[in-house]
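For reference, the chains in residue letters:
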Amino acid sequence: MTDAKHNRAGLAIGFVLFGVLAISINDMLIKQLSGGYPLHQIVFLRSAIALLFSLVFLQFEGGFAALRTDVPLQHLLRGLLIVVANMTFFLALGVLPLADVTALFFAAPLFITLLSIPILGERVGPVRLTAVVIGFVGVLIMQRPWQGEDTLMVSRVVLMLPVLAALAYALNQLMTRRLGAKAPAAALAIYIQVSFLVVSVAFFLAAGDGRFAPEGGNATLQFLLRAWIWPTPDDMWVFIGLGVNGGFIGYSLSQAYRLADAATVAPFEYIGLPLAVLWGYLFFGDLPTWEVWTGIALIIASGLFVFFRERTEARRPVARNG
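As a convention, each chain's residues are numbered from 1 in the sequence order in which they are written. Where totals are concerned, whole chains, interfaces and linings use all residues; where local detail is concerned, this predicted model gives features only for residues with pLDDT of at least 70, and gives and counts side-chain atom pairs only at 80 or more. Note that the side-chain values use all heavy atoms of the structure and ignore hydrogens as well as water.

(A) Up close: the packing of helix α3 (residues 72–93) against helix α9 (residues 185–207). Two elements in contact, α3 and α9, have axes whose closest approach is 9 Å; the angle formed by their N-to-C orientations is 60 degrees. On the basis of the axis angle, α3 is oblique to α9. The interaxial crossing formed by α3 with α9 has right-handed handedness. Counted together, His-75, Arg-78, Gly-79, Leu-80, Ile-82, Val-83, Asn-86 and Met-87 of α3 and Leu-188, Tyr-191, Ile-192, Ser-195, Phe-196, Val-199 and Phe-203 of α9 form the full contact between these two elements. Each residue is assigned to one class: nonpolar for Ala, Val, Leu, Ile, Met, Phe, Trp, Tyr, Cys and Pro, charged for Asp, Glu, Lys and Arg, and polar for all the others, Gly among them. Tallied by class, the residues present in the contact of α3 with α9 amount to 10 nonpolar, four polar and one charged. Here an axis means a line fitted to C-alpha atoms, over the contact stretch when the element is a helix, while the angle between two N-to-C directions is reported on a 0 to 180 degree scale. Strands here mean DSSP runs of E at least two residues long; helices mean DSSP runs of H or I at least four residues long; both are numbered from the N terminus. These descriptions rest on fixed angle ranges, namely under 35 degrees for roughly parallel, over 145 for roughly antiparallel, 65 to 115 for roughly perpendicular, and the rest for oblique. By definition, turning the near helix anticlockwise from the far helix through less than a right angle yields a left-handed crossing, and turning it clockwise yields a right-handed one. Here, two residues are considered to be in contact whenever any of their heavy atoms come within 4.5 Å of each other.

Pasting the structure below:
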């Protein structure tokens, strides 16, 4: 007989797979928009539309009463973490190939495995820790430490942005696991969308007229600080698609990490790597360099090993008791 915990794990995996597919589409659309719109405008329009969808989901999970919480500061911290994760990731996305940014970001499941020890009290043995180290070797190779910035054609800071995004995202997902026992997925998604709206409005008030945007050169700062403009009719449909997609992302990932432990859910996010390669090639004509292919291989191998090791360890007590 299949127990309830196993059923919840299977449902969580379904949610994370759907959420990662939606994320890959989201990243591809944002990269398409990054050449003409500021990041905070893209985030504002996406989050405003996504919030409407999240409010609809909320009606099926207890209504507005479900938004009440005894730990508002923890939800605030979680919202800020996901804002940091997204903003740093998207800043890199405006400059680097889609596959490169996504591959570097996949240090997140490695961080989740490590941080689940002090934050969730989960046990991670030396074998899994070794696999995590191998995954970080892949991240290091993608950083190309043997090259100078003149041959990299991008600053070291930009290359580190997806890694910072990965760390913030990992902390966010572990907090989701802690908070998810009391808050429904729609409420967790709404807190995040509101955080995005607040930060993007603050950016608009401070720099929405483009007065801080550099006159050329630094594409990352241009993406962050250029002036808001009214979207073209064609781009408006892209923004709507982003918003609808964003609503599904927030709900799906929040639900996934509510229903199962982080070590079970996180490895399935690796489907985002081949999807990023696919979208990057089809829409932007980019293919990964050997460093990125090597990093992808090491990260996927280490992640899958950690996953299967976790499943094996979880079954051992059952076998002894049986």
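So that's the structure; there's more coming.
(B) Looking closely at the nonpolar core. Core analysis: the biggest nonpolar cluster contains 81 residues, and Leu-39 and Ile-42 have the highest contact counts within it. The element contributing the most residues to this core is helix α8 (residues 156–179), with 11 residues. Sequence-distant contacts of Leu-39, defined by excluding residues within four places in its chain, comprise Met-87, Phe-90, Leu-91, Phe-223 and Leu-224. Side-chain atoms within 4.5 Å are what join buried Ala, Val, Leu, Ile, Met, Phe, Trp, Tyr and Cys residues into a set we call a nonpolar core. Partly exposed residues are those whose accessible area sits between 20% and 50% of the maximum for their type, while under 20% is buried and over 50% is exposed, using a 1.4 Å probe and protein chains only. Ranked by size, the runner-up nonpolar core spans 11 residues in total, among them Leu-51, Leu-58, Ala-185 and Tyr-191.

(C) Geometry of the packing of α9 against helix α11 (residues 233–259). Two numbers describe how α9 lies on α11: the axes approach to 8 Å, and their chain directions differ by 130 degrees. Regarding the angle of α9 to α11, the classification is oblique. For the element pair α9 and α11, the recorded crossing hand is right-handed. Contact with α9, carried on its side by Ala-185, Ala-186, Leu-188, Ala-189 and Gln-193, involves Gly-246, Gly-250, Tyr-251, Ser-254, Gln-255 and Arg-258 of α11 and no other residues of that element. Across the contact of α9 with α11, the residue classes tally to five nonpolar, five polar and one charged.

(D) Here's a closer look at helix α6 (residues 126–143). Here, expected helix span is obtained from the residue count minus one, scaled by 1.5 Å. Taking 1.5 Å of rise per residue, the 18 residues of α6 would be expected to cover 26 Å, and the 26 Å separating its terminal C-alpha atoms lies within 8% of that figure. Arg-128, Ala-131, Val-132, Gly-135, Gly-138, Val-139, Ile-141, Met-142 and Gln-143 are the residues of α6 that are buried.

(E) Seen up close, the packing of aromatic side chains. Pairs were defined over the aromatic rings of Phe, Tyr and Trp, the Trp ring being its six-membered one, requiring ring centres within 6.5 Å. Orientation was assigned from the angle between planes: stacked under 30 degrees, edge-to-face over 60, tilted for the rest. The tally for this structure, following the rule as stated, stands at 13 aromatic pairs. The positively charged end of Lys-31 is found above the aromatic ring belonging to Phe-284, 5.6 Å away from the centroid. Above the ring of Phe-196, the side-chain terminus of Arg-46 is found at 5.1 Å from the ring centroid. Placement of a charge over a ring requires the Lys NZ or Arg CZ to be within 6 Å of the ring centre, with the centre-to-atom vector within 35 degrees of the ring normal.

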